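One letter stands for each residue in the lines below.
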There are 4 protein chains.
Amino acid sequence: MQDVYPNDQHGAVNHPEPRNHPGAHGKTVWIIAEGYLPAPGPRPDNPALSSHEAACVLNTGDRTANLTITLFFTDREPSGPYQVSVPPRRTLHLRFDDLKDPEPVPRETDFASLIESDKPVVVQHTRLDARLGSLALMTTMAYGENR
Amino acid sequence: MQDVYPNDQHGAVNHPEPRNHPGAHGKTVWIIAEGYLPAPGPRPDNPALSSHEAACVLNTGDRTANLTITLFFTDREPSGPYQVSVPPRRTLHLRFDDLKDPEPVPRETDFASLIESDKPVVVQHTRLDARLGSLALMTTMAYGENR
Amino acid sequence: MQDVYPNDQHGAVNHPEPRNHPGAHGKTVWIIAEGYLPAPGPRPDNPALSSHEAACVLNTGDRTANLTITLFFTDREPSGPYQVSVPPRRTLHLRFDDLKDPEPVPRETDFASLIESDKPVVVQHTRLDARLGSLALMTTMAYGENR
Amino acid sequence: MQDVYPNDQHGAVNHPEPRNHPGAHGKTVWIIAEGYLPAPGPRPDNPALSSHEAACVLNTGDRTANLTITLFFTDREPSGPYQVSVPPRRTLHLRFDDLKDPEPVPRETDFASLIESDKPVVVQHTRLDARLGSLALMTTMAYGENR
């Protein structure tokens, strides 16, 4: 295991923290209590301008973060686990409508999500609602805990 | 009391934390300082596209969370308690315009809310404003404390 | 000083915490790093539908919270102190365009705010932008610290 | 080094905290997991009404805060360090499209940012999306840690 966070070709900053997870920041449990996939709106073939909901994950550390996502609903047992990995020094803007296994996320249905990681990460929740043509946006840091 | 968070038919992840509240995450006191129910807008009969404000609650634990909600105003004593329950492993997207007992939440009036739970939960605040026809959205994690 | 948080006529919940500030929740220092008063838009005489920015404050405690607000700018010394009080068990949705003493908040100018309270409170930041006619909304819990 | 936070001509409040950083509030590491520069929209020459994304930084302390920003991407090594300073008692609403050295931030590309400061500051994330003409807004406090 390397203890040094290497400078990349773009001159990225060195992270001095050795800790258990060199360069890592954040927490290992994240919760988004609000979840809802609106209808796509009038541009369903344009991913950037159709409705979507995302969990944006940043792994600043030098080891892959393995995430387990569980989805909770109003009137049935949870769905999951969904397995996602975020490589070292990468961000993943995970769209909930891209989750397919073990089942797609139902549209126009209230849900909530629990994201558990084996390395510290940071999670931010964002929705773009394009149902009526114009755009509405919302974002918040998820609620973070350590296991 | 069962200490094991069971796998459901969808393969939901096991939560290893035993603690006092198996599988539970979050806090027991949550505050939303901003509250306002805008006029419904031009689609009052469509709940998903008319103005609303919600406290989205997630109970990841294996026991029912019993919530007591108190509403605060600018120029009168608080209203409440409103009593709401969230079953184990369920989310509740509670719309403030659904609160009726002991009294409905007045529209177009500044308020704030205190949500107290007997089990850890996570609370996120969301508003959809449809007064002018197009949609505006906002969200934030509520402010959490432990009693 | 009374140690008991009284039930009001609406049956508001009893807050059991005695602590130093009976019934109080939150923190005593709050920061909103983003501040900007957009032009009012096409409905300047309608406060609810013209652009505004607010710090929504909730005082759940049984004593008045006295707030001191300092505004910070990009290229000049801070402005303030602005003095505001929030009575016991009340919320104040403070609009920055209502601040007049020692000076109004300039429009279309980047600023930030520091809110210090002598009792614990919770602060949430909200902006409504109506410059182009339709509404855009954003909100976040402010950043809280204890002195 | 001066230990006293001076009153300015506008009567700004005295900050009593001596600590290591007189008057300083906040944390030294901040993360924004969501980042995306939308196309500018139909008013590209109007900075206030074209799409932009900002990290709003407040330095309440009496010494300059020196910030190092690293940008993370989905499929390449991080970019940076970008160096920015925030003078004492000043706010900086840093637009990501103003970052030029060592390279501009690519538009319509997922990214995330790590902001490290040598003094405590507070960071709030805001995006204005004007791609379709009307405005959409979102904001959240960034995720803060101490080194």
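What comes next is a walk through the structure. Note that this is a predicted model, so its numbers are computed, not measured.

To continue, consider the relation of the copies chain A and chain D. Related by rotation about an axis and a shift along that axis, the two copies of the chain form a pair. With an RMSD of 0.0 Å, the fit of chain A onto chain D corresponds to turning through 90° and sliding 0.0 Å along the axis. Expressed as an axis order, the relation between the two copies is that of a four-fold axis.

Let us look at the interface of chain A and chain D. Counting from both sides, the interface comprises 36 residues of chain A and, opposite them, 44 residues of chain D. Summed over both sides, the interface of chain A with chain D buries roughly 3200 Å², with 61% coming from carbon and sulfur. Across the contact surface, chain A and chain D share 2 salt bridges. Between arginine 89 of chain A and glutamate 77 of chain D there is a salt bridge; the shortest N-O distance is 2.9 Å. Counting across the chain A and chain D interface gives 15 residue pairs in polar contact (both at pLDDT 80 or more). Contributing elements (two or more residues each) for the side of chain A that touches chain D: β1 (27-35), β2 (52-59), β5 (90-95), β6 (111-129) and β7 (136-141) of chain A.

Listed per partner, the contact involves 36 residues of chain B and 44 residues of chain A. A buried area of about 3200 Å², summed over both sides, lies between chain B and chain A, and 61% of it is on carbon and sulfur atoms. For the interface between chain B and chain A, the tally reads 2 salt bridges. Among the ionic pairs, arginine 90 of chain B bridges to glutamate 77 of chain A, the shortest N-O distance being 3.1 Å. Remark: the boundary between chain B and chain A carries 15 residue pairs in polar contact (both at pLDDT 80 or more). At the level of elements, β1 (27-35), β2 (52-59), β5 (90-95), β6 (111-129) and β7 (136-141) of chain B are the ones that each hand at least two residues to the side of chain B that touches chain A.

Attention shifts here to the pairing of β1 of chain B. All names here are of chain B. The buried count for β1 comes to 8 of 9 residues, which makes it a mostly enclosed element. Summarising the sheet, β1 and β6 pair through 6 bridges and their orientation is antiparallel. Each residue of the ladder has a partner; that of glycine 35, found in β6, is phenylalanine 111. Across 3 bridges, the pairing between β1 and strand β8 (residues 143-145) is antiparallel. For valine 29, the partnering residue across the bridge sits in β8 and is glutamate 145.

Conventions and cut-offs
- Residues numbered from 1 in each chain as written.
- Chains lettered and ligands numbered in written order.
- Predicted model: local features only at pLDDT ≥ 70, side-chain atom pairs only at ≥ 80, totals over all residues.
- Heavy atoms only, no water.
- Least-squares fit on C-alpha atoms with pLDDT ≥ 70 in both.
- Contact = heavy atoms within 4.5 Å.
- Buried area = accessible area lost by both parts, 1.4 Å probe.
- Salt bridge = Lys/Arg side-chain N within 4 Å of Asp/Glu carboxyl O.
- Polar contact = N/O pair within 3.5 Å; in protein donor to acceptor, adjacent residues only side chain to side chain.
- Helix = DSSP H or I, 4+ residues; strand = E, 2+ residues; numbered from the N terminus.
- Buried < 20%, exposed > 50% of the residue type's maximum accessible area, 1.4 Å probe, protein only.
- Pairing = 2+ DSSP bridges.

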